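Here is what each chain is made of, one letter per residue.
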Amino acid sequence: MVDLLETVRHLKEIGVEVRFEKENISSFSGDGEVMMSIIATIAQEEVRSTSENVKWGIRKRYKAGEDVARNKKVYGYRHNGERYVVEEEEANVVRFIFQRTAENVPPKDILSELKNRGVKTWLGYDFCFSSLYTMLRNEIYIGDRRMQKSYIADPIKQNKVKNRGELPQYYISDCHEPIINKETFYKVQEILKQRVEAIPTYPFTAKIKCGVCGGNYTRRQVTLNGIKYVNWFCRKKKEKGITCTSANYKESELEKAAADIMGTEIFNEDMYKE
């Protein structure tokens, strides 16, 4: 409703009339804005109601153990309208990535090998760290599905957020042909877990989400002319094919902001962690 009124008011200011023929409303009439507000509010609530009804139907199918394909574009598969079927050329790439990871080959070496072989993602870009890890963690490649990993928080804004326990998840086993055997998959999960545990963490690690693309912020430390600079920036800025316009932040700025919120004169790391 707010978007509608702002647009109509702007057009009215520059002498442009907006007519809604079905409702017989003109933005130049005396009661035009009032009528638009009422109709826009009703339309907005209809969108919410429809969204909730659709979500209810989908979740009911989840509970019944049905494989509801929300994302039909999955590397290595094609969806035929009923289930995922293996696309052999891409499946060979998936097997290669899992096998090399199971052999504990570093991600940068795997990415280099993929690039040398000319392998591209769905969008035609080179594979990057995020696409690699997303694939390696996806249970779809062993023939299973975890439903409702994410959800639309607001049907008006259409903002997709990760499900961190706000809603139930549903796990469906053996719902399509696997590409990777379970032994390899779980071996890879253990290797990924060990790598995460080996990465140094800082107070703001996994605490800052990008407001533009939703990615995690990461820490970067550089030394110029003997002076150390520490900044936090969206990790996706490092990846090819992804453009993120978010701002970078000095670690000192984040520490001051956190201290202000906690009501302390200086940043207290232990208090912040608690």
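This section reports on the structure supplied with the text. (Residues numbered from 1 in each chain as written. Predicted model: local features only at pLDDT ≥ 70, side-chain atom pairs only at ≥ 80, totals over all residues. Heavy atoms only, no water.)

1. Description of the overall build of the protein
Then, in step 1: From N to C terminus, the protein includes eight helices and 11 strands.
Then, in step 2: Relative to a compact globule of 274 residues, whose C-alpha radius of gyration would be 19 Å, the protein shows 25 Å and is clearly more extended.
Then, in step 3: Counting only C-alpha atoms and orienting by the principal axes, one finds that the protein spans roughly 75 × 60 × 40 Å.
Then, in step 4: By the burial criterion, 33% of the 274 residues in the protein qualify as buried.
Then, in step 5: Here the protein has roughly 18,100 Å² of accessible surface; of this, 50% comes from carbon and sulfur atoms.
Then, in step 6: Of the side-chain charges in the protein, 46 are positive and 40 negative, and the distance between the mean point of each set is 4 Å. (Helix = DSSP H or I, 4+ residues; strand = E, 2+ residues; numbered from the N terminus. Rg over C-alpha atoms; globule rule 2.2 N^0.38 Å. Buried < 20%, exposed > 50% of the residue type's maximum accessible area, 1.4 Å probe, protein only. Areas by Shrake-Rupley, 256 points an atom, 1.4 Å probe, with all protein chains shown as cover. Lys, Arg positive; Asp, Glu negative; His and termini not counted. Charge placed at Lys NZ, Arg CZ, Asp CG, Glu CD.)

2. Digging into the packing of aromatic side chains
Two descriptors summarise a pair of aromatic rings, namely the distance from one centre to the other and the angle between the planes of the rings.
Then, in step 1: For the structure on display, the rule yields 11 aromatic pairs.
Then, in step 2: Note on Tyr77 and Tyr141: the rings are 6.0 Å apart at their centroids and 20 degrees apart in plane angle, and the pair reads as stacked. Of this pair, Tyr77 sits in strand 3 (residues 77-79) while Tyr141 sits in the loop between helix 5 (129-136) and strand 5 (145-147), placing them 64 residues apart in sequence.
Then, in step 3: Between Arg117 and the ring centre of Phe96, over which it is positioned, the NZ or CZ distance is 4.4 Å.
Then, in step 4: Lying across the ring of Tyr202, Arg219 places its NZ or CZ 4.1 Å from the centre. (Phe/Tyr/Trp six-rings, centres within 6.5 Å; stacked < 30°, edge-to-face > 60°. Lys NZ or Arg CZ within 6 Å of the ring centre and 35° of its normal.)

3. Topic: the sheet that holds strand 11 (residues 249-250)
Then, in step 1: Read across the open sheet, the three strands follow the order 9-10-11; overall the sheet is antiparallel. With partners counted over all chains shown, the strands left at the sheet margins are strand 9 (217-224) and strand 11, one partner each.
Then, in step 2: Pairing geometry for strand 9 and strand 10 (residues 227-234), over eight bridges, is antiparallel. Counterpart to Thr218 in the pairing with strand 10 is Phe233. (Pairing = 2+ DSSP bridges.)

4. A short note on the pattern of salt bridges
Then, in step 1: In the structure shown here, the tally under the stated rule is 15 salt bridges.
Then, in step 2: Asp260 is paired through a salt bridge with Lys256; the nearest N and O atoms lie 3.2 Å apart. Remark: Lys256 and Asp260 occur in helix 7 (residues 251-262); sequence separation between them is four residues, near one turn of the helix.
Then, in step 3: Members of the salt-bridge network, linked through shared partners, are Arg100, Glu103 and Glu113. (Salt bridge = Lys/Arg side-chain N within 4 Å of Asp/Glu carboxyl O.)

5. Describing empty space enclosed by the protein
Then, in step 1: Under the defined criterion, the tally for this structure stands at one cavity of 30 Å³ or more.
Then, in step 2: Within this model, the largest cavity holds a volume of roughly 40 Å³.
Then, in step 3: If you list the elements that add at least two residues to the lining of the largest cavity, you get helix 1 (2-13) and helix 2 (32-63).
Then, in step 4: Here the element with the most residues in the lining of the largest cavity is helix 1; it accounts for four residues. (1 Å grid on protein atoms, 1.4 Å probe; cavity = no way out; pocket = protein on both sides within 12 Å on 5 of 7 lines; lining within 4 Å. Points joined across faces, edges and corners; volume = space filled by probe spheres on them.)

6. Focus: the nonpolar core
Then, in step 1: Core analysis: the largest hydrophobic core is formed by 28 residues, its most contacted members being Ile97, Phe98, Leu114 and Tyr141.
Then, in step 2: If you tally residues by element for this core, the top one is helix 3 (residues 88-102), at seven residues.
Then, in step 3: Non-local contacts of Tyr141, meaning those with residues more than four positions away in its chain, are made with Val74, Tyr75, Tyr77, Val94, Phe98, Met135, Pro178, Ile179 and Ile180.
Then, in step 4: Counting residues in each nonpolar core, the second largest holds 10 residues, with Ile208, Cys234, Cys244 and Ala258 among its members. (Core = buried A, V, L, I, M, F, W, Y, C linked by side-chain atoms within 4.5 Å. Contact = heavy atoms within 4.5 Å.)

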